[in-house]
Structures are given as C-alpha cells and as structure tokens.
Amino acid sequence: MAQPASASAAPAWRQFPFFDVVPVKDIHDLASPPEVFQKTPEISTITPSSAGLIVADIHGSVYLINRDFEIAKSWVAHTGGRVTHMAERKGILVTLGEEDTARHPFLKVWDLQVFDKKTGAPLLLRSAKVQSGNRPHPVSVMALSASLSYLAIGLGDGTVILYRHLDQSIYSTSGSLNTLPKPRIIHESPTEPITGLGFREPTEDSPNVYLFIVTTNRVLCYQASGKGSGGTPTVVDEIGAGLGCATMDWKAREVVVARDEALYLCGTDSRGSCYAYEGPKSSIYTHRNYIVIVSPPFTPSASAASATVRNFVAKNNAPTGSDITKLTVFDPENQYVAHSGTFTEGVREVFSAWGKLYVLSNDGKLLCLEEKPTSAKLEMLYRKGLYTLALNIAETQKLDESHIADIHKQYGDQLYAKGDYDNAMQQYIQTIRHVQPSYVIRKFLDAQRIHNLVTYLQELHSLGLANADHTTLLLNTYTKLKDVGRLDSFIKRESLRTSADGDKDELPFDLDTAIRVCRQAGYFEHASYLAKKYERHEDYLRIQIEDAGNYKDALKYLRRLGAEAAESNLARYGRAMLENLPEETTDLLIDICTSLAPLSVDADESDSAAPVKQPSGGPSYLSYLALNRASVASAPSASESTPPSGTQANGSKAPDTPSRQHSIHDTTPPPSTPTTAHPSKARLASVKRPSPRLYFAHFVDHPHHFVRFLESVARKRWGQTLENASEPQPVEADPNADEQAERRDQAAVWNTLFELYLSQPQGTDSGADSNSKALAVLQNTRLPYDPTHALILCSTRGFTPGLVLLWERMGMQEDVVRFFMDRHQDGDTDASAEVVRRLDQYGPARPQLYPLVLRFLTSTPALLTKHREDVRRVLGVIDEQKIMPPVSVVQLLSRNSVASVGLVKEWLMARIKSAREEVETDQKLISSYRADTEAKLQQVQELSDPDRPRVFHVTQCSACQGGLDLPAVHFMCNHSYHQRRVAARYHPPLCLPQNETECPNCAREHGIIREIRRNNERLADQHDLFLSEVREGGFDALATGFSRGILSLSRVDDVTV
C-alpha cells in the first residue's frame, strides 16, 4: 500500500549502526530458520519468560523454546481454539484464548516450574471464563503486574476488567480449579476500544501500583493499591493510540504512546516527554533503553527522506508497487537512531529475550539484532568527534566513573589540541579522582596557561583531593603573579564540602602547606590569619615567638585559648616561655592546672613588662622522668593541636621586616582575624584540668619556680599543704576528674617536690629550711608520696632523719638497727648507744633483733666494755622469751675471744639445771609408756594362745544389764550376752543378734580404729602431700608420719618386694 511522502519521512536524528543483524538458523538445519517459526502464519502471540521463549499458535498450542530455539515443552492450552494473549511473571504463565466449548474467552494460569511427566504440560492452577455481560467481546490487551497481584484485561468494547490478589488465589490450596478473585470492571468506554494496558510498579518514591489504560482517544491512569485506590481512572492525556502502539517503558514507570506525529510518554499525573518522529506506526516495543518502532507496509521511493529507504531502493531491484516494512530502534533519552532496517516480507513479531532483540518476519525468518559492545559504540563516536553523545550513552549504559572520566579525558585532549584551553580545562576537571593531576598540570605548565591551571588546582582543593604539592603550587602561583587579591580570596574561602560524619566542615586545601608557603614567601599576616582562624594554635605561636619574638602576646594568646588548647601548646613552647617570662608563665601554668573556670586576662597585663631572666644552671633532678633538654624554639615542627574548648581573640601583628614582600595589607585592608566572645566572660561549664606532670620538664633550669608551681598546685587543686596534717583544705571539686589519674598526679607532685627539697644546697638557711620541709613531707601521713621513691632519694641524698622514718613506717626496723651498726663501723661513736636504744624500742615486737644486737655488742672489746650491762640484759631477755637455745648462744659468743665465760656463767648454769630437769621428766614418762606397752603385749599373747584356757566370771549381761543365765555368749573382751530373747521390758529384746561374731560394744570402737588405719595407709601413698608437710613442719611432720605408720618398716618391705 502506497503512503504519502510525509509518511515515510525519516526523523532528523543521527543514525548509527549500533546493532548487527544476524540470521537465526535451526540448530539441526543451518539452511532453515528454527522449526517453530517455519509456520509463522499460524503463530498467534510470542512472549519472553524466565523459563524461556513462549510461542502460541492459532490451534491453541503453547511451545516453550530454549536458547537454541528448540522446543523444550509443548502442550495444548486451549482446546479447539487459539491463544490470543500471554503474560508470564515469576514462573507463572497466564494465557487467554478461545475454545470451541464456550462463547467467552478462557483465562488459564499455568505453573511453568511443575510439568506433568506423561503429558508434558505444566501444572494448571486456574481455569475460568472472562465474562463481562451476556454478550461476548474479544480481548484486545492484557497486563500482569510483576508481583502477580493484579491482572488487567482490556476488551474490544472499551471495558477493563481487573483481578485483585491473583497471587493469593493461585497459590491457595483451598479453592477449586475455576476459583479466581471476583473481577472488577474499572473502566467502560463503549466508543473507545482498549488498545493498551500497563502496570506502573511501586518505587521508593511512590509505593502504590498504578494501571495505565490506553484507548483510541485517551490515556487514563487508575490507582490499584494504596490509599485512595479503587476510584475512577483519571485522564492523563487526550491523545490515544491504535492497537499495539502503546507499551510500558523499560523502567516500567511511564507508558509510551505512539502516534503518527510523535512518541509520547505519559506518567501517572500528566503527559511527560515528547519525541517527534513522524510517520505511521503499526506497533512499538521496548528493548532495554530502546524503543522499537515498526511501521506499516509502504512503497519505497528513491526520493524518500529516510536514508534507509533510499539505500534499500538503490541496492534492491524490487518490482514496482511492492511494499516494505521499516523497523527503527530509537534511543529516546539520547535522541538517536541505533538501528534502522527494512523488511520486504513484513514484520510478524518483535520480542526481546536473553538480552537480545529478535525480529520475526512474515515469511518465517528470524533475525537477531545484536547490540555492539559499548566500547565499539564509543569508538564510533570518538572518530566522529561526538563526545557529548558518548557521555550521554555512557551514563545511560551505567558505565562506572572511570570509563566516563576517560571520555572526558579524550574530549579534553581534543579541545586542547584545537587550542580551546578553557573548555578543555572544563573537561579535565571532570576527570578528577580518575586521572592523575600531574597529567593535566604538565599540559598547562607547558602551554603557559597559568589561569587555567589555577582553576584546576582550585577545583582539586574544593573537592579535598589536593595534596601538599598542589597547595604549594597554587600558592606559589599566586605569589609569583603578585595576585594578592586571589591569594586573599583563596585563604579566606569557606569549606565547600563536609566530612564523612557530616558534623564538621573540612578545609579545601592542606592547611600546613598553606601556612608554610605564606611564611616562606613573607606573607606573615596571611599565615597568622590561617593559623588563628582554623585554630592552629601551635603555628600561630610559632609565628609570634620565632618570627616576631613577641612573648607577651604569645602568653596572652595562650590564656585566651583556655586550659585544654593551651595544654598541648605549652608542652611545646612552655620552656621557651619560661626562659623569657618565668614568673608570668609559672602563674599561667598554675592557673591551667588548678582553675576550673575559664582563664581570664587581666586588663593591665598587656601594659606590664616582665623582665627577661637568663637561664641559671641548676642540678639535674627528676631522675625518674625522661626529660628533653633541647630548646623547643630551636627545632620547630608542624603538628596537629587539639581544638580548644575556650575562646579566641585577635593576636598581635608581627613587625614588618625588610625581606617581607608586599602583601594584601599594601592594597587592601588586612584579613580580619575571626573572634568570638570576649575571653574574660566566664562560662558556666567547668574546664577539664590537665595533669601537672605535662609541664615538669619545662622547669628543668628553674627549680625555684618549679617549687612554687608544685606547692601552688597541691594547695589549690587538692588542698594539700605541709602544715595541714589532719584534713586537707576545702577546694572546689572537679566533676570531670578521674580518681585514678588524680592519685597518680598527687604522687608525682609530692615525689618531685620532696626531691626538690632535698636538692637544695646544704649548709645554708635555704638548705636547712628545705630539709625541714622534706621531713615535714615524710611526717605528714596524709600526703600521697611514694615511700619507695622517697626512700631512694633519702638514701642517695644522705637524709638520715627521713631514711629512719621511712624504714620505721615500712616495718624495716632491722634495717634501722643495721644502719646504725654501719654508722658505728664508719666511726660514729654514738651509733652503738643508738643501736641499744632502737633495740629497746623495737625489741618487744621483733625478738629476732636480740641475737643481731648481741652479736654486734660482742663484736669488739670496746663495745663489750661500754655495754656490758646491756649484754646481760639482752641475755636475760633471750632466756626469758626463749629466743635462742643455749647452744646457739654459746656458739654466738664463742665466735671470737671478746666475751669471757664469766660473763655468761650464771646464765649457763641456770640453763643447764633447767635442761637436766626436763631430761629427768622425759625419762619418767618413757618408763611409764614402756610398762604399759609390756602389759598390753602380755595380754595380747595370752589371748592369742589357743592352749591357754580363759575363765569368765561375768554374771551380768552387757546388753540388758540383767542377770546372766544360760545359754550365754562370752567374748574375749570380757563382755557377755544372753543368747535367747528376754522379756519385752528389756531393751533391746534380743541381747545379741543371731550369727553375730563380734562384740557389739567393741565393734564401733574397733571400726573407728580400722578406719584410721585405712586412712593412714591411703596417705602413705600420697608422697607429694607428705613432702609438702615435711617442707612446712620439718621434724614434726616426720614424727607424725612415724606415729601414723606411714614410715613403718613393714610398709617399706612391702614396697621393696
């Protein structure tokens, strides 16, 4: 059929051969198309599915096709009729067809995952008629939602039937085969047949399900789920479409309506995008992001506007009047034609399966349109210089950022080669994060395009990807160009990005590098501005101290920082500050370590000039601390400092130097330093006080200030003084204090203070006062110093009062006595009297001191002559308390010829007499035990002699205490019992149980003895336990072992055998 010239006009879009046409052949006969398509006129509908391609014919049969286009399964779905529509979701196939047994169409639901082994047909879940009124109407379109919840059927009379909760019905086992949800008529338009249906699936932005209804004149939208569902469909557009000219887009968000003049995309509220594409259209399909347009047959002409048609006429000598069908693959997002082809036999069906596009012609030929790889498509665009389109395609194909950046790079290279440096730089900026910055920087350094280079470097900084070298290059560019305005703008620019936690803005450049470059270039105001604005207190103080030497301003700045921020900065510059302002710096350190309120600045502080003192050499103390005695100011290094919790104020301006370059202050006002509330205003929140140990090392050459610092901290922070020995002075409690850390700080303060007291030179008034303070520290039991550390200090410094006091507190009285003994050996004549005095003081509690002192007093004739009475008194105590045996005393005194026998004659005679009396008593006990043993052995012998008769004279029963009469039982232990049962008034009625061979009265006692012996035998095998008892008890444990029979000779013989 001939068409007007306008009907065959091609769109004015670019065309590209992005698809390759490949014929699909039968796997068994490569000269023919697949078997299932050899009878194409009989094919009624084709639909792709998750199980494979599904083909239905006019005879009611359905074929399941695999990837090789072989028939995997086939069955008769509608007997005596034809299959008109099919839809598949989640392995569930819904077919609509006609059957000879009914006037109305049949709806059948199949489970493609379960097949009958005999018939080969899938499991039939539901089968029911589709009826709307009494008169049957043909089904024009059908739509199935992705979740199987909704099924919509459009009829030729303009009626739309909707099945709700279809998934619940087909998965339910309680219903019959023909049980389906009750259909609901949601739309009726007798004059407008239904030409298209499609479900808009829920998304995060719109969780409801909508149904698009396309008629010949209108496009409507029906809300199927959610709040407000079930109403009347709303008109979206007043333009409809013919049958087959409406389909859902590839994202299932909008419905595509094809008209002769254009393609329209309609949403749930209104019509959206419109793409002009003139010419009649018989059907449209979607394949990925493409729209496939099939035109009705028309007569080709050499003068046609479409290049595809002209090429067809030029290459084919078709007879005049023969029609062709044109197929166009259109990308609506990027507005280009990816493929355009003609078919002389017409197009029967177009379907998308297995990621490819297939076209079935009316003569049964199946063609596969294989999309070229994205890299090949991009190469085509590169050759034509269409980089913008290449970028659009890359975004549509969801390429990763590295591939997109590569397109920008090639685009930038092309513009750079043309000399379009500005636009080239815009493309290179898009390559940040994927192309090395050195690649771009080198290009623009060579081209002397410094202003473009500045743009690139600024973008690097704004994205937070610049390193120190980039910052250096940018700032050096500013300084070399003398562009102080841009330098000022760059330094004062705010952050353009936020950190990952979203709480704090990050800087767009490397701050350390910026400060360093500004200082090196002589822009000290810019450097101080950056340091102060971004709270780089260490750098600001370095500028003030090292560049300007303004210690007063640095000290005021430290006060304004507050305790937390000043803590880390004083750790670096505290020693330099003490060298120049010792008094003021000491006061600041005291305030930082003791004050819970924010630090305040005195009004007249800036007016008072403090004298600068030279460092004085002093002794090296704090030996237990590792001190860095190197000058802080002589070795500066950039480091991060803790952001302050206090306030800030303006710093003082450093004086200009001859080497300083002209900066922003020569042409524009100086950059204002950001300030906050005045620091003298107190805050309600308490300040966390740092540990005073942080600042010990700064006072190495300032012992007097160190003492004042430590005493003030102990008094103001913990209320501890030398004078107050009962209770500490009341101080304000710190709610943020860590008790363990506070105790460690207290010990460190008092240990150091004690060492400082002992470090004062002796022989002066200050030295005597310091010794008295040191002794007061030791005498005050409430001060938390370390006794061991104090003991070491007293020993190394020769502080005898403190040494003796600490030994006494630590229970080391023997060390005290030995100390004075050593003093006597060193020539101290009064030391021996001190030894005796200490013995009288410590002896009652520690008797072991008496032998030690006795040995000392009898070591030399001079000592014995001087302390003869003391020796007798010591011997008396030893004898009275039995501290030493006489033999040991004799051995001790006989070790030398100092002590004579006359000295201990009376004492020895008394001890010998007492020993003899003890021996006599032991001999009597031994004789008594031997006599008892012989009597027992004699009794045992008599009892064990069978020939020796024994006469029993017992007349009373040992059980019932009654008179003993016959029959009676006598035991060798002299107990007798009735053998018969006596009267019930006696207890027990039976005096001796029958068959009893052991005396009841002695059985319990003998049982206890046997149990003791068994336990002793068991313990005899536990050697580890016996050895541990011997280690603890010595000879007593051995004697106990002999008494228990553990070490008896019989046991030894048994073991040896």
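Quantities reported herein were computed from a predicted structural model and do not represent experimental measurements. (Residues numbered from 1 in each chain as written. Predicted model: local features only at pLDDT ≥ 70, side-chain atom pairs only at ≥ 80, totals over all residues. Heavy atoms only, no water.)

**Re the layout of surface pockets**
The computed volume of the largest pocket comes to approximately 1,600 Å³. Surrounding the largest pocket, 47 residues form its lining, T47, M86, M142, T247 and Y285 being those nearest its centre. Taken together, the residues of the lining of the largest pocket sort by class into 23 nonpolar, 16 polar and eight charged. (1 Å grid on protein atoms, 1.4 Å probe; cavity = no way out; pocket = protein on both sides within 12 Å on 5 of 7 lines; lining within 4 Å. Points joined across faces, edges and corners; volume = space filled by probe spheres on them. Nonpolar A, V, L, I, M, F, W, Y, C, P; charged D, E, K, R; others polar.)

**Observations regarding a negative patch on the surface**
A contiguous patch of negative charge on the surface is contributed by E917, E918, E920 and D922. Following the sequence through the fold, E920 ends up in helix α29 (residues 901-944). (Patch = residues over 30% accessible without salt bridge, like charges linked within 9 Å, V, L, I, M, F, W, Y side chains within 5 Å. Areas by Shrake-Rupley, 256 points an atom, 1.4 Å probe, with all protein chains shown as cover. Salt bridge = Lys/Arg side-chain N within 4 Å of Asp/Glu carboxyl O. Lys, Arg positive; Asp, Glu negative; His and termini not counted. Charge placed at Lys NZ, Arg CZ, Asp CG, Glu CD. Helix = DSSP H or I, 4+ residues; strand = E, 2+ residues; numbered from the N terminus.)

**Here's the deal with the pairing of strand β26 (residues 336-343)**
Here β26 lies mainly inside the structure; seven of its eight residues are buried. Where strand β1 (residues 14-15) lies against β26, two bridges are found, and the strand directions are parallel. Each bridged residue has a counterpart across the sheet, and for Q15 the counterpart in β26 is V337. Bridging between strand β25 (residues 325-331) and β26 involves seven bridges; their strand directions are antiparallel. By the bridge assignment, T325 is partnered in β26 with F343. (Buried < 20%, exposed > 50% of the residue type's maximum accessible area, 1.4 Å probe, protein only. Pairing = 2+ DSSP bridges.)

**Comments concerning the confidence of the model for the protein**
For the protein, per-residue confidence averages 80 on the pLDDT scale, and 84% of positions sit at 70 or higher. In this model residues 1-11 is a low-confidence stretch, pLDDT under 50, and it forms 22 contacts with partners more than four residues away in sequence or in other chains. Segment residues 603-684: pLDDT under 50, and 153 contacts once partners within four positions in sequence are set aside and those in other chains are kept. (pLDDT = per-residue confidence, 0-100. Contact = heavy atoms within 4.5 Å.)

**Quick notes on the sheet that holds strand β17 (residues 219-223)**
One open sheet holds the four strands; their spatial order is β15-β16-β17-β18, and the pairing between them is antiparallel. Only two strands of the sheet have a single neighbouring strand rather than two, namely β15 (194-200) and β18 (234-237). Within this sheet the neighbouring strands show an average axis-to-axis angle of 30 degrees, counted without direction. Relative to strand β16 (residues 210-215), β15 runs antiparallel, the two sharing six bridges. Counted as the bridge partner of G198 is F212 from β16. (Axes fitted to C-alpha atoms, helices over the stretch in contact; angles between N-to-C directions.)

**Here we look at the environment of H287**
Structurally, H287 is set in strand β23 (residues 283-287). We classify H287 as buried; its relative accessible area is 2%. Along the backbone, H287 and W250 are 37 residues apart, and their C-alpha atoms lie at a distance of 6.9 Å. Beyond its immediate chain neighbours, meaning those up to four positions away, H287 contacts F19, V292, S352, G355, K356 and L357.

**Details of the pattern of salt bridges**
Within the structure shown, the criterion is met by 32 salt bridges. Salt-bridge contacts for E808 lead to R838; the nearest nitrogen and oxygen are separated by 2.7 Å. Here R838 lies in helix α24 (residues 831-842) and E808 lies in helix α22 (residues 800-809), a separation of 30 residues in the sequence. Judged by its relative accessible area of 10%, R838 is buried. The salt bridge involving E834 is made with R837; its shortest N-O contact spans 2.3 Å. Highlighted residues: E834 and R837, both in helix α24, separated by three residues, approximately one helical turn. Look at the salt bridges and you will find they share partners, linking D512, R536, E538, D539 and R542 into a network.

**A word on the sheet that holds strand β7 (residues 83-89)**
One open sheet holds the four strands; their spatial order is β7-β8-β9-β10, and the pairing between them is antiparallel. At either end of the open sheet lies a strand with only one pairing partner, and these are β7 and β10 (122-129). Across the sheet, the axes of successive neighbouring strands diverge by a mean angle of 20 degrees, strand direction being ignored. In this structure, strand β9 (residues 106-115) lies alongside β10, joined through seven bridges in antiparallel fashion. By the bridge assignment, F115 is partnered in β10 with P122.

**Topic: helix α14 (residues 551-561)**
Across the 11 residues of α14, 10 count as buried, placing the element largely inside the fold. Within the span of α14, buried status applies to K552, D553, A554, L555, K556, Y557, L558, R559, R560 and L561. On its buried face, α14 is in contact with α12 (524-533), α13 (537-548), α15 (563-580) and α16 (582-594). Just downstream of α14 lies G562, where phi reads positive at about 95 degrees.

**As for helix α25 (residues 849-857)**
Burial analysis of α25 places eight of its nine residues in the buried class, the great majority of the element. For α25, the complete set of buried residues consists of L849, Y850, P851, L852, V853, L854, F856 and L857. Contact partners of the buried residues in α25: α23 (813-825), α24, α26 (861-866), α27 (868-881) and α28 (886-893).

**Some words on the nonpolar core**
F18, L327, V329, L530, F709, F754 and L778 are the most contacted members of the largest nonpolar core, which totals 156 residues. When residues of this core are assigned to their parent elements, the largest contribution, eight residues, is made by helix α19 (residues 739-759). When neighbours within four sequence positions are excluded, F709 is seen to be in contact with T586, L589, I590, C593, P692, F696 and F699. C245, A246, L263 and I293 belong to the second largest nonpolar core, which has 27 residues in total. (Core = buried A, V, L, I, M, F, W, Y, C linked by side-chain atoms within 4.5 Å.)

**What to know about the pairing of strand β5 (residues 61-65)**
Where burial is concerned, most of β5 is hidden: four out of the five residues are buried. Sheet topology note: the strand β4 (residues 53-57)/β5 ladder contains four bridges and is antiparallel. Note that in β5 the partner of L53 across the bridge is I65. Of the pairings in the sheet, the one linking β5 to strand β6 (residues 71-76) comprises five bridges and is antiparallel in character. Along β6, the bridge assignment pairs I65 with I71.

**Details of the packing of α22 against α23**
In contact at an axis separation of 7 Å, α22 and α23 are set at 150 degrees when each is read in the N-to-C sense. In terms of orientation, α22 lies roughly antiparallel with respect to α23. Taken as a pair, α22 and α23 cross one another with a handedness that is left-handed. Between α22, through T800, L803, V804, W807 and E808, and α23, the contact on the second element is made entirely by Q813, D815, V816, F819, F820 and R823. A class-by-class count of the residues in the contact of α22 with α23 yields six nonpolar, two polar and three charged. (Parallel < 35°, antiparallel > 145°, perpendicular 65-115°, else oblique. Left-handed = near helix turned anticlockwise from the far one by under 90°.)

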